[in-house]
Amino acid sequence: MADTYLSDRFIRNSWYVAAWDHEIGADALFARTLLGQPLLFYRTADGGVTAMDDRCCHRAAPLSRGRKEGDCVRCLYHGFKFDAQGACVEMPGQDRIPPMARVQTYPVVERDRFVWIWMGDPHAADAAAIPDFFWHDHPQWRMKPGYIHYQAHYQLVVDNLLDFAHLSYVHPGTLGTARNAQVRANVERIEGGLRITRWALDDEMPPNHRRVARFDGKVDRWQIYEWNPPAFMRMDAGSAPAGTGAPEGRVGPEAMRFRHTSVQTPETLSTTHYFFCQAHGFGLDEPALTDAIHQDVVTAFAEDRAIIESQQRVLDAAPGFKPVASVHDQALNLARFMLKQRLDQEAKAS
């Protein structure tokens with residue numbers, strides 16, 4: 001990682017988001033590749049989620065092409081049947097089942113509408129380390145879950161999220177104003193991550209806020225977000241009428257307050273799962289408002305994806321690329337340093 005722009009390794013000892021809860025149904029088998037590894041997910045009778053390698057231990061047939069039988073899954077190549085702990089419980093044609101006939105399973109936790117998975121040392125899997133995204137199912141917030149599949153390395157998406165100067169140019173009709181590129185973020189190291197604070201005082205409303213605003217005129221706008229490795233971003237954002245005290249903490253009922261989620265889970269070294277939502281703390285009984293806010297974010301993220309995927313194609317053709325830094329790169333450079341530290345720690349421990 002020290003010599004290349006994009007890392008060729010994954011952090012293993014970390015919780016990752018595998019799916020939104022609704023993606024894994026009660027009766028279906030759900031396949032998804034994470035950290036370069038094909039996995040199978042399904043729900044047991046009690047509603048819990050099982051995660052295991054999507055590979056039968058017999059001839060490596062994908063179990064996702066199999067059949068769910070109660071709390072078990074049957075491979076439909078030669079009929080091997082595995083329980084939710086990955087142990088083979090039936091081999092057609094023979095009574096004795098060797099102890100090595102099993103499939104690797106992984107710790108899973110469901111929380112805040114996310115299905116979390118730990119793919120590193122299972123003894124190190126501490127659910128208390130899972131980041132808090134309380135607004136996903138809190139009665140004082142409304143949101144609609146989103147997902148994007150990126151044809152790009154996850155670090156390029158992280159870079160994008162840690163440098164909002166791009167909003168002026170990538171998102172002039174959705175998230176950005178001309179001021180974005182001029183505002184210097186305040187970047188702080190916090191325990192386990194970074195806090196990035198941006199204020200634009202007496203600014204124009206960005207287009208996405210203007211479309212749902214309950215007031216007119218200039219705004220004091222904030223974006224205060226925490227980033228934790230490998231790729232978790234939690235943001236408090238909003239716009240209040242200019243001069244009404246928002247920077248001092250006086251946020252009136254007319255203000256627009258949002259909680260944003262952006263989480264990336266590497267699929268491979270060149271593809272990424274992106275889970276997101278934009279929760280709003282106003283207009284709680286207006287489903288159309290939730291839909292409109294969600295669609296604005298979907299439109300903006302399509303703009304991001306277009307530039308980031310084209311960036312990936314350029315980097316594929318220029319593997320020795322070395323970036324020229326700007327003043328807006330402080331957060332992303334710190335983030336890359338933190339990722340490298342984690343990767344080096346895992347390499348030393350292995």
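Just above, that's the structure.
First, a word on scope: everything that follows refers to the structure included in this document. (Residues numbered from 1 in each chain as written. Predicted model: local features only at pLDDT ≥ 70, side-chain atom pairs only at ≥ 80, totals over all residues. Heavy atoms only, no water.)

A look at the overall build of the protein
Worth spelling out the cut-off: In this text, helices come from DSSP runs of H or I with a minimum length of four residues, and strands from runs of E with a minimum of two, each type numbered from the N-terminal end. The atom set for the radius of gyration is the C-alpha atoms, and the globule formula is 2.2 Å times the number of residues raised to the power 0.38. In this scheme, a residue with accessible area under 20% of its type's maximum is buried, one over 50% is exposed, and one in between is partly exposed, where area comes from a 1.4 Å probe on protein chains only. By definition, residues are in contact when any of their heavy atoms lie within 4.5 Å. Computed by Shrake-Rupley with a 1.4 Å probe, the accessible areas treat only the displayed protein chains as cover when residues are assessed.
On a plain count of helices and strands, the protein comes out with five helices and 17 strands. A compact globule built from 350 residues should have a C-alpha radius of gyration of about 20 Å, and the protein, at 22 Å, falls within 12% of that. Its C-alpha atoms put the protein at 80 × 50 × 35 Å along the principal axes. Residues classed as buried in the protein amount to 52% of the 350 residues present. Restricting the contact set of the protein to residue pairs at least 6 apart, pairs at least 24 apart contribute 60%. Here the protein has roughly 16,000 Å² of accessible surface; of this, 50% comes from carbon and sulfur atoms.

As for the packing of aromatic side chains
Quick note on the threshold: For this analysis, a ring pair means two rings from Phe, Tyr or Trp (six-membered ring only for Trp) whose centres lie within 6.5 Å, classed as stacked if their planes differ by under 30 degrees, edge-to-face if by over 60, and tilted for the remaining angles. For a Lys NZ or an Arg CZ to count as sitting over a ring, it must be within 6 Å of the ring centre and within 35 degrees of the ring normal.
Applying the stated rule across the entire model yields 18 aromatic pairs. Consider the rings of Y147 and F275, whose centres lie 5.5 Å apart with planes at 55 degrees: the pair is tilted. Here F275 lies in strand β17 (residues 272-280) and Y147 lies in strand β11 (residues 146-150), a separation of 128 residues in the sequence. Ring pairing ties together the aromatic residues W20, F114, W116, F133, F134, W135, Y147, F232 and F275, which thus form one cluster. One residue, R234, lies across the ring of F133, its end atom 5.9 Å from the ring centre. Against the face of Y5 rests R336, its NZ or CZ located 4.3 Å from the ring centre.

A closer look at the packing of helix α1 (residues 154-161) against helix α5 (residues 330-349)
Between two packed helices, the angle of one axis relative to the other and the distance separating the axes together describe the packing. Definition in use: Convention adopted: a line fitted to C-alpha atoms gives each axis, helices being fitted over their contacting stretch, and angles between N-to-C directions are expressed from 0 to 180 degrees. Note: crossing handedness is left-handed where the near helix turns anticlockwise from the far helix by less than a right angle, and right-handed where it turns clockwise. In this classification, Asp, Glu, Lys and Arg are treated as charged, Ala, Val, Leu, Ile, Met, Phe, Trp, Tyr, Cys and Pro as nonpolar, and every other residue, Gly included, as polar.
Running from N to C, α1 and α5 point in directions that differ by 140 degrees, and their axes come no closer than 9 Å. Relative to α5, α1 is oriented so that their crossing is right-handed. Along its contact with α1, which presents Y154, Q155, L156 and D159, the element α5 presents L332, R336 and L339. Looking at the contact of α1 with α5, its residues break down into four nonpolar, one polar and two charged.

What to know about the sheet that holds strand β5 (residues 67-69)
Going by this rule: Strand pairing is defined by DSSP finding a minimum of two bridges between the two strands.
Within the open sheet, the four strands sit side by side as β5-β6-β7-β8. Their pairing is antiparallel. The open sheet terminates on both sides in strands that have one partner only, identified here as β5 and β8 (88-90). Note that β5 and strand β6 (residues 72-74) share three bridges and pair antiparallel. What sits directly across from E69, in β6, is C72.

Notes on the nonpolar core
What counts is decided by this rule: We call a set of buried residues a nonpolar core when its members are Ala, Val, Leu, Ile, Met, Phe, Trp, Tyr or Cys and they connect through side-chain atoms within 4.5 Å of each other.
Residues F41, I117, L162, W227 and Y274 are the most contacted members of the largest nonpolar core, which totals 53 residues. The greatest single-element share of this core, amounting to six residues, is contributed by α5. Not counting residues within four places of it along the chain, the set of residues in contact with Y274 comprises G146, Y147, I148, Y150, V157, L161, S262, V263, Q264 and F301. In this structure, F114, I130, W135 and V263 belong to the second largest nonpolar core, which totals 17 residues.

Quick notes on the sheet that holds strand β12 (residues 186-190)
With antiparallel pairing, seven strands are arranged side by side in an open sheet as β11-β17-β16-β15-β14-β13-β12. Since the sheet does not close on itself, it has two edges, and those belong to β11 and β12, each with one partner. Ignoring strand direction, the axes of neighbouring strands in this sheet form an average angle of 15 degrees. Pairing of strand β14 (residues 219-228) with strand β15 (residues 232-241), which is carried by 10 bridges, proceeds in the antiparallel orientation. Counted as the bridge partner of I224 is D236 from β15.

Notes on the side chain of Q312
Its place among the elements puts Q312 in helix α4 (residues 287-316). Overall, Q312 belongs to the buried group, its relative accessible area being 5%. Other than its neighbours up to four places away in sequence, Q312 contacts L6, Q151, A152, H153 and L156.

Structural notes on the layout of surface pockets
Rules: Points on a 1 Å grid, built from protein atoms alone, make a cavity when a 1.4 Å probe fits but cannot get out and make a pocket when they are open with protein on both sides within 12 Å along at least 5 of 7 lines; residues with an atom within 4 Å of a point are the lining residues. Grid points are joined across faces, edges and corners, and a volume is the space filled by probe spheres set on the points.
If you add up the space inside the second largest pocket, you get close to 350 Å³. If you go around the second largest pocket, you meet 17 residues; those closest to its centre are A129, G192, N228, P229 and R342. Taken together, the elements giving at least two residues each to the lining of the second largest pocket come down to β15 and α5. If you tally residues by element for the lining of the second largest pocket, the top one is α5, at four residues.

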